[in-house]
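# Geometric and topological summary
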Number of protein chains: 2
Amino acid sequence: MRRSWVNYPEGPAEAPAATGPGTGSDLHLELTGAGSVRVRLMNALREAIRSGRLAPDTGLPPYRALAADLGIARNTVAGAYAELVEEGWLAARQGSGTRVARRAHPLRPAGPGGPARPSRRRTVHDLLPTSPDASAFPRTAWLGATRRALAVAPHDAFGVGDPRGRPELRRTLAEYLARVRGVRTSPERIVVCSGFAHGLELLGRVLGGPVAVESYGLPFHRDVLAGAGLTTLPLTVDGGGARVGELPGTAARAVLLTPAHQFPTGGPLHPGRRAEVVDWARAVGGLVIEDDYDGEFRYDRRPVGAVQGLDPERVAYVGSAGKSLSPALRLGWMVLPGHLVDEVLAVKGPREMWSGVTDQLVLAEFIASGAYDRHLRRMRQVYRRRRDVLAARIAAEAPHVRVGGIAAGLHAVLELPPDTEEATLRAARRQGLALEGLRSYRHPDSAMPPRDGLVLGYGTPTEQAFPAALDALLLALPEPAATRAP
Amino acid sequence: MRRSWVNYPEGPAEAPAATGPGTGSDLHLELTGAGSVRVRLMNALREAIRSGRLAPDTGLPPYRALAADLGIARNTVAGAYAELVEEGWLAARQGSGTRVARRAHPLRPAGPGGPARPSRRRTVHDLLPTSPDASAFPRTAWLGATRRALAVAPHDAFGVGDPRGRPELRRTLAEYLARVRGVRTSPERIVVCSGFAHGLELLGRVLGGPVAVESYGLPFHRDVLAGAGLTTLPLTVDGGGARVGELPGTAARAVLLTPAHQFPTGGPLHPGRRAEVVDWARAVGGLVIEDDYDGEFRYDRRPVGAVQGLDPERVAYVGSAGKSLSPALRLGWMVLPGHLVDEVLAVKGPREMWSGVTDQLVLAEFIASGAYDRHLRRMRQVYRRRRDVLAARIAAEAPHVRVGGIAAGLHAVLELPPDTEEATLRAARRQGLALEGLRSYRHPDSAMPPRDGLVLGYGTPTEQAFPAALDALLLALPEPAATRAP
């Protein structure tokens, strides 16, 4: 194991006051793990930045000093620095050497808890899917709801929490979901959770056997099921969503679907398949897990109702405030078949361990007061406008790229010519774009041939930043020539 | 399997509007599982109440009808009803038969997530330990902090969350914990979690080998470690806290302690043992997990500082807002040795999945504005007064019962004569008291002989309710005679 503890002359420029040990200007690196020396050095530097040991704007040691200290080639250090500059972790500034980037506060790369999101925070333009515009969080309305909710909450709201969630929220959700999503339920069948993944984890722990999933979907969700000891079986996805007709040939007794807006390919589940999957669940005593992640954002017509409405005893519906308000709220809800309520509560535990009571009370008041409807109406207009601009600009400036999946939601799929995805993602990174390719969502066991494409989240940028993000995107798209000669 | 689907004439008196299937007035019971017919009937009734199928105030079918329908003896039904009345699930009213109790909304009995708390909500007097007075939650100050926090939060606070937690909160905590608890750290070493159990779970997943614990402690915490695949080894507990001198003879490389106020027996860890356990951790490369659950409530003198201050590289300090503000906030914090930060984040996942951003921002502002200090000062006075009243009344009215562990915290231990704990708990239940016995906290492998006692939480009742709770307690205590003749 090569170690370096360089006490280099160029100390941190604006290092935060170090109150604990080990946060001084020394750069202690250990080149552990697999890969080439360069890869290990890059990993060690990323870790040092991530852990805060290398604060934003800290100057790095010159190549020579670090190379000598680690006993490695100078070019290796130079190459690692250059690549980390390209990745956005470091910044090279005229006359001041290499420094930790000011905004180098990235989330961790692919780990146990989620898909790789290496670039969200250190890129100029964030077009990663599934997050709403954080600047649009309705602070004033939320504060108003907080005032009203805190004024009327009973004292016991601040005692040990019921793992079902606050009754105020469950009552409001039962009514709201019936009205807006066609969900049929009662407050007793709703269990509050901290988001879709938490709900899926709880369901995974009460389900047996393999779970069928869509061939294209969030790897994170497959990981959550794997964490609960369940294998996943991929169903083919086409323009009508998942081919649920494949289910009878499998050992699966549960299927995870995104019926309102297939994630990420973008189509709604075909009406015939909605009925078919419920019939299958009835026939085999199975369960449909409905991930209604963006069911409230539909632009072409009235939202498609939840599949849950077809048979509340065969569908577990899971929604969250992650797209409608903010992924930082950590509030979700499960609408469960009667026979699963106690089982899910048994694995959730005897008291609320996760969801904070204030957000639960405030969300209940926010929905009940109509503020939620108003916020969604406003955001639907915002996102719809962005979608229209995106489609129009691609049609005008890159007509060889087809835009799909835009009837709903916060993301689109740009179809790319075969084998151009990787190069396009590299070009996008050079333009300062954080983007995901379609291939990263494909189930590794899927029989479907890999498709090339970009999964483009148009929800995340602020209104001001969106046009520039589109400019950068258009620069990164492959030339028309490439569509003919792969 | 015996089933009943009685459509009994006496329907629910005030049943809520049933919006989903299966919530009508029919009583559908399935006597599954282990145990006698009576036990299974009681379980089925508890489940029906818990699940909401039997709403508060719903009338139950007459013994005869249910007995005939299930094909069991009438006396069995009568016995089950009577026992559930005593447990608080049902209420027998003159002239109106047996009904579901109005306040029958208990938490689940012993399950995977915590110790049995069968009685918190359906008893008249809640003296279970570890919860503060829910009616004292500082709503007005919290709302003020919400207003200020929402006004200044950057937009990215409402985007995908960093699993470390909000920087505002980590900065504030680093300063606050240094000032009040003698914790030495920097914001980079703090990881926000949803409470002590969440922090312990994360630590458990990065630790190897058995973990030493105190012979008396929360069974729930042992369960959390077991859930992470770790066995626990009990250390003897005496008046000076855990005998950490036993550590070198064990295979443990980590020890979980409650140094400020041993839970539940109530003493602080002896100063010599504080140094000794840190020396042990240094010698073996081990870790001390410091559960500082009520370190801010000390009545006899200045709070004992955290053990963490002795060696931040060998102690993982975990605190929460559960006692200081409310267990319903679901906010905790881990102060980690540098070498554990990345490992803990790797198991926590690449994005914040649990702690909501609003509570994080508001708590940071609440602490920074001084409102937290003011609230703690006020509550210290409230709890100290209760403690004094408790001690004075026991000394006057039950001088044969010794009160211990009252120099700090929200609970006391009443020492009972040998083999009187169970009878005292039964007597307490008859007085409408929710109470825990000392034996329920004992590690099953402990070499210590079981001790009889009551672990009495004086924090939970409201100010108004506290005197009546003491009245009931004094009625439940064993007579002086029993202390002489066991």
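Small disclaimer: the values here were computed from a predicted structure and weren't measured.

## Description of the overall build of chain A
For chain A, the helix and strand inventory stands at 14 helices and 19 strands. By the burial criterion, 62% of the 486 residues in chain A qualify as buried. Long-range pairs, those at least 24 residues apart, make up 72% of the contacts in chain A with a sequence separation of at least 6.

## Points about the relation of the copies chain B and chain A
For the pair chain B and chain A, the superposition axis carries a translation of 0.0 Å, the fit reaches an RMSD of 0.1 Å, and the rotation angle comes to 180°. The transformation just described matches what one would write down for a two-fold rotation axis. Minimal C-alpha distance to the rotation axis in chain B is attained by Trp354 of chain B, lying at 3.1 Å. When the interface residues of chain B are mapped onto chain A, 100% of them again fall at the interface, so both copies present the same face.

## Details of the pairing of strand E13 (residues 315-320) of chain A
Residues and elements named next belong to chain A. Where burial is concerned, most of E13 is hidden: six out of the six residues are buried. Burial along E13 is two-sided: the residues Val315, Tyr317 and Gly319 and Ala316, Val318 and Ser320 are all buried. In this sheet, E13 lies alongside strand E12 (residues 287-291) in parallel orientation, the contact comprising four bridges. What sits directly across from Val288, in E13, is Val315.

## Some thoughts on the sheet that holds strand E15 (residues 402-404) of chain B
Residue and element names in this part refer to chain B. Read across the open sheet, the four strands follow the order E15-E16-E19-E18; overall the sheet is antiparallel. Since the sheet does not close on itself, it has two edges, and those belong to E15 and strand E18 (436-437), each with one partner. Pairing geometry for E15 and strand E16 (residues 411-415), over three bridges, is antiparallel. Residue pairing for E16: Gly404 is matched across the bridge by Val413.

## A word on the packing of helix H11 (residues 371-397) of chain B against helix H13 (residues 466-476) of chain B
Residues and elements named next belong to chain B. Axis separation between H11 and H13 bottoms out at 11 Å; the angle between their running directions is 30°. Relative to H13, the element H11 lies roughly parallel. As for how H11 packs across H13, the hand of that crossing is right-handed. Note on element contacts: H13 touches H11 through Phe466, Pro467, Leu470, Asp471, Leu473 and Leu474, opposite Arg386, Val389, Leu390, Arg393, Ile394 and Glu397. Of the residues that constitute the contact of H11 with H13, the class distribution is eight nonpolar, no polar and four charged.

## As for the sheet that holds strand E8 (residues 232-235) of chain A
In a beta sheet, neighbouring strands are held together by backbone hydrogen bonds and run either parallel or antiparallel to one another. Residue and element names in this part refer to chain A. The sheet built from seven strands is open, its strands ordered E6-E14-E13-E12-E11-E7-E8 with mixed pairing. The open sheet has two free edges, formed respectively by strand E6 (190-193) and E8, since each of these has just one partner strand. Neighbouring strand axes in the sheet, compared pairwise and without regard to direction, differ in orientation by 20° on average. Inspection of the sheet shows E13 paired to strand E14 (residues 332-335) by four bridges, in the antiparallel sense. Residue pairing for E14: Ser320 is matched across the bridge by Gly332.

## Comments concerning the pattern of salt bridges
What the rule picks out here adds up to 45 salt bridges over all chains. Of the charged contacts, one joins Asp311 of chain A and Arg282 of chain A as a salt bridge, the two residues approaching to 2.6 Å between their closest N and O atoms. Here Asp311 of chain A is found in the loop between E12 and E13, whereas its partner Arg282 of chain A is found in helix H8 (residues 271-284), with 29 residues between them in sequence. On the accessibility criterion, Arg282 of chain A (45% relative accessible area) is partly exposed. Between Arg282 of chain B and Asp279 of chain B there is a salt bridge whose closest N-O contact spans 3.5 Å.

## Observations concerning H8 of chain A
All names here are of chain A. Look at H8: 21 Å from first C-alpha to last across 14 residues, which is about the 20 Å you get at 1.5 Å a residue. Every buried residue of H8 is accounted for by Arg273, Arg274, Val277, Val278, Trp280 and Ala281. Down the axis, H8 shows its buried residues gathered within 155° of arc, on one side only. The exposed residues of H8 that point more than 90 degrees off its buried face are Pro271 and Ala283. Where H8 is buried, its residues meet strand E9 (237-238), strand E10 (241-242), strand E11 (254-257), E12 and E13. One or two positions beyond H8, positive phi appears at Gly285, with a value near 70°.

## What to know about the interface of chain B and chain A
Contact with chain B, which involves 71 residues of that partner, is made by 74 residues of chain A. Summed over both partners, the interface of chain B with chain A buries about 6500 Å², with 56% contributed by carbon and sulfur atoms. Broken down residue by residue, the surface that chain B buries against chain A is led by Arg139, Phe158 and Trp354 of chain B, which jointly contribute 12%. Summed over the shared surface of chain B and chain A, the result is zero salt bridges. Inspection of the region where chain B meets chain A yields 18 residue pairs in polar contact (both at pLDDT 80 or more). Within the residue set of the side of chain B that touches chain A, elements represented by two or more residues are helix H1 (37-50), helix H4 (139-152), helix H6 (196-206), helix H9 (338-348) and helix H10 (357-368) of chain B. Here the element with the most residues in the side of chain B that touches chain A is H4 of chain B; it accounts for eight residues.

## Concerning the domain arrangement of chain A
Accessible area lost upon the coming together of the parts is a frequently used measure of interface size. Residues and elements named next belong to chain A. Each assigned domain of chain A is listed here: domain 1 (2-100), domain 2 (125-132 + 374-483) and domain 3 (148-369). Inter-centroid distance (C-alpha atoms) of domain 2 to domain 3 is 26 Å. Facing 34 residues of domain 2, the contacting portion of domain 3 comprises 34 residues. For the pair domain 2 and domain 3, the two sides together bury roughly 2800 Å², of which 64% comes from carbon and sulfur. By the criterion of area lost to domain 3, the three top residues of domain 2 are Tyr441, His443 and Met448, representing 22% of everything that side buries. On inspection of domain 2 and its partner domain 3, the count reaches zero salt bridges. Broken down by secondary-structure element, the contributors of at least two residues to the side of domain 2 that touches domain 3 are helix H11 (371-397) and strand E16 (411-415).

## Some points on the nonpolar core
Residues Leu473 of chain A together with Leu473 of chain B are the most contacted members of the largest nonpolar core, which totals 140 residues. Here Leu473 of chain B is in contact with Leu127, Leu390, Ile394, Leu414, Leu433, Leu435, Leu454 and Leu456 of chain B, once residues within four sequence places are set aside. Among the nonpolar cores identified, the runner-up in size contains 60 residues, and Leu340, Val341 and Leu345 of chain A together with Phe196 of chain B belong to it.

Parameters at a glance
Residues numbered from 1 in each chain as written. Chains lettered and ligands numbered in written order. Predicted model: local features only at pLDDT ≥ 70, side-chain atom pairs only at ≥ 80, totals over all residues. Heavy atoms only, no water. Helix = DSSP H or I, 4+ residues; strand = E, 2+ residues; numbered from the N terminus. Buried < 20%, exposed > 50% of the residue type's maximum accessible area, 1.4 Å probe, protein only. Contact = heavy atoms within 4.5 Å. Least-squares fit on C-alpha atoms with pLDDT ≥ 70 in both. Pairing = 2+ DSSP bridges. Axes fitted to C-alpha atoms, helices over the stretch in contact; angles between N-to-C directions. Parallel < 35°, antiparallel > 145°, perpendicular 65-115°, else oblique. Left-handed = near helix turned anticlockwise from the far one by under 90°. Nonpolar A, V, L, I, M, F, W, Y, C, P; charged D, E, K, R; others polar. Salt bridge = Lys/Arg side-chain N within 4 Å of Asp/Glu carboxyl O. Expected span 1.5 Å × (residues − 1). Arc of directions from axis to C-beta. Buried area = accessible area lost by both parts, 1.4 Å probe. Polar contact = N/O pair within 3.5 Å; in protein donor to acceptor, adjacent residues only side chain to side chain. Domains from an automatic or database assignment. Core = buried A, V, L, I, M, F, W, Y, C linked by side-chain atoms within 4.5 Å.

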